[in-house]
Amino acid sequence: MKITKANGKNEYALINELKKRSGETDRKIVDIVSSIIQGVKDGGDESVREYTVRFDGSAPKKNVIEKEELSEYFESADPDFKKAITDAKNNIYDFHLRQAQQSWMTTKENGVIMGQRVRGLHRVGIYVPGGTAAYPSSVLMNSVPAKIAGVKEIVMVTPPGKDGSPNPYIMAAAAVAGVDRVFLCGGAQAVAALAYGTQTIPKVDKIVGPGNIFVATAKKLLYGVVDIDMVAGPSEILIIADKSAKPAFLAADLMSQAEHDKMASSVLLTTSETVARATVREIERQIKYLERRDIIEQSLNDFGEIIICDTLSQAIDFANELAPEHLELCVEEPLKYIGLIDNAGSVFLGSWSPEPLGDYFAGPNHVLPTSGTARFFSPLSVDSFIKKSSFIYYTREELAEAKDEIVTLADTEGLTAHANSIKVRFEK
């Protein structure tokens with residue numbers, strides 16, 4: 001990894017480089033995905049099947065797996081996996097339960113009643129990648145908040161394997177998370193099927209979950225037909241470390257993010273040149289034993305950097321500007337600095353709170369804003385799966401009290417029919 005000295009220019013040049021990763025989608029990909037979407041809209045199940053054979057190599061042995069069969073996958077899973085996925089689910093549930101909102105109503109002395117209804121979406125679709133990028137943890141992170149929100153039905157889509165069978169770990173996680181049905185299809189065709197509905201795949205209100213560029217593009221194009229969680233860019237981690245940080249830990253955490261994708265970004269800001277150089281040596285030592293070494297090396301080479309800062313304050317200013325998906329504070333007394341972090345998807349405090357803890361187990365959601373969007377987006381949560389509507393009740397007397405001011409505002413905006421709606425109620 002390259003080591004540079006912060007000078008007010010070098011570090012911000014890095015931000016510009018990282019922003020290039022999330023530029024406009026290639027026009028050819030947009031055209032391909034648009035064609036697939038139209039094909040599924042017109043052809044339904046038959047088109048989904050054709051695209052599945054073309055892109056995944058074979059049709060699934062069965063198109064849908066019901067709840068009872070999901071339970072069988074869980075029961076037959078390895079005991080260690082069953083315990084790990086169940087404990088993770090419980091932690092995720094406990095954290096997200098605290099986010100639940102309640103409907104409310106207020107009654108004023110004059111008889112006016114106002115309030116807000118909060119309720120879960122009717123049906124949500126979850127996309128789960130298959131193949132080498134099969135993530136049972138994502139099943140939990142997307143499903144558990146939806147269940148707490150009161151979503152009535154959770155439908156999952158995931159590509160079949162080359163032999164037409166589903167990934168058993170994903171099926172077991174679906175059982176734990178409370179998924180109602182799983183359809184074995186993937187790619188842009190699965191997203192289109194969820195958005196429009198087919199003969200067998202029901203139309204959903206919202207689509208969540210990670211995927212490749214074709215899946216992400218389909219979600220982006222279909223936003224408006226259906227709601228989506230976010231258009232996620234490449235994964236990223238920013239670590240702030242002082243002289244107390246352990247280089248072995250820093251190296252391991254940087255590489256844990258880099259192994260996601262050649263486009264992933266891993267950046268270390270440290271006030272210690274000794275720590276910076278020791279971290280590079282640790283990367284060179286540890287990388288020899290990692291299976292995804294080629295991906296890690298390219299990611300660190302293209303989008304990784306170690307920047308030496310004069311102060312932790314300088315590092316925090318940079319972090320707020322970058323607005324990273326994951327931010328680790330590997331410093332003495334990390335709780336002192338949490339109040340200074342304005343822009344980050346998820347913050348990991350201290351050397352014993354590595355990013356994979358959040359990815360899998362602790363409880364906070366791992367579906368996080370990327371590419372600087374933590375400046376205005378939040379992690380996936382229970383709020384992502386609810387809708388709100390307000391209600392108003394006025395008596396005749398109270399409307400009479402307010403009518404002149406309402407008419408004044410309506411007339412000011414030139415909306416005379418609005419004004420008339422009020423006036424007509426008080427004509428003699």
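Residues numbered from 1 in each chain as written. Predicted model: local features only at pLDDT ≥ 70, side-chain atom pairs only at ≥ 80, totals over all residues. Heavy atoms only, no water.

*Asks:* Go over the pattern of salt bridges with me, naming the residues and quoting the values.
*Replies:* This structure, assessed with the given rule, holds 16 salt bridges. Here Lys 82 and Glu 75 are joined by a salt bridge, their closest N and O atoms 3.7 Å apart. Asp 404 is paired through a salt bridge with Lys 403; the nearest N and O atoms lie 3.1 Å apart. Sharing partners across several salt bridges, the network here consists of Arg 123, Glu 153 and Arg 181. (Salt bridge = Lys/Arg side-chain N within 4 Å of Asp/Glu carboxyl O.)

*Asks:* Run through the packing of aromatic side chains, naming residues and quoting values.
*Replies:* The tally for this structure, following the rule as stated, stands at five aromatic pairs. Ring geometry for Phe 81 and Tyr 169: centres 4.9 Å apart, planes at 70°, overall edge-to-face. Taken as a pair, Phe 81 in helix 4 (residues 79-97) and Tyr 169 in helix 6 (residues 168-177) lie far apart in primary sequence, 88 residues in all. Under the relative-accessibility criterion, Tyr 169 is labelled partly exposed at 41%. Seen from the ring of Phe 385, Lys 206 lies directly overhead, with NZ or CZ sitting 5.9 Å from the centre. If you follow Lys 403 out to its NZ or CZ, it ends over the ring of Phe 426, 5.8 Å from the centre. (Phe/Tyr/Trp six-rings, centres within 6.5 Å; stacked < 30°, edge-to-face > 60°. Helix = DSSP H or I, 4+ residues; strand = E, 2+ residues; numbered from the N terminus. Buried < 20%, exposed > 50% of the residue type's maximum accessible area, 1.4 Å probe, protein only. Lys NZ or Arg CZ within 6 Å of the ring centre and 35° of its normal.)

*Asks:* Requested: an account of the sheet that holds strand 11 (residues 265-270), with residues and values cited.
*Replies:* Strand order in this open sheet of six strands is 1-12-11-10-13-14, and the pairing throughout is parallel. Two strands bound the open sheet, and with one partner strand each, they are strand 1 (3-5) and strand 14 (346-349). With direction set aside, neighbouring strand axes in the sheet form an average angle of 20°. In the sheet, strand 13 (residues 326-330) pairs with strand 14 via four bridges, with the strands oriented parallel. The residue bridging Glu 328 from the neighbouring strand is Phe 348, located in strand 14. Sheet strands touched by helix 9 (residues 247-258): strand 10 (236-241), strand 11 and strand 13. Its angle to strand 10, the strand with the most contacts, is close to 165°. Where helix 12 (residues 312-322) meets the sheet, it contacts strand 10, strand 11, strand 12 (304-308) and strand 13, and its direction lies at approximately 165° from that of strand 10. (Pairing = 2+ DSSP bridges. Axes fitted to C-alpha atoms, helices over the stretch in contact; angles between N-to-C directions. Contact = heavy atoms within 4.5 Å.)

*Asks:* So, the pairing of strand 10: which residues are in play, and what are the values?
*Replies:* Buried residues dominate strand 10, accounting for six of its six residues. Side chains of strand 10 alternate between two faces, with Glu 236, Leu 238 and Ile 240 and Ile 237, Ile 239 and Ala 241 buried alike. Viewed along the sheet, the connection from strand 10 through helix 9 into strand 11 turns out right-handed. (Right-handed = clockwise from strand over helix to strand, strands pointing away.)

*Asks:* Explain the state of the cysteines residue by residue, including any values.
*Replies:* As enumerated under the stated definition, the model contains zero disulfides in all. Cysteine Cys 330 shares no disulfide, and the gap to the nearest cysteine sulfur, in Cys 309, comes to 14 Å. On the basis of relative accessibility, which here comes to 3%, the residue Cys 330 falls in the buried class. (Disulfide = S-S within 2.5 Å.)

Fair warning: the whole summary comes from geometry, so function is off the table for now.
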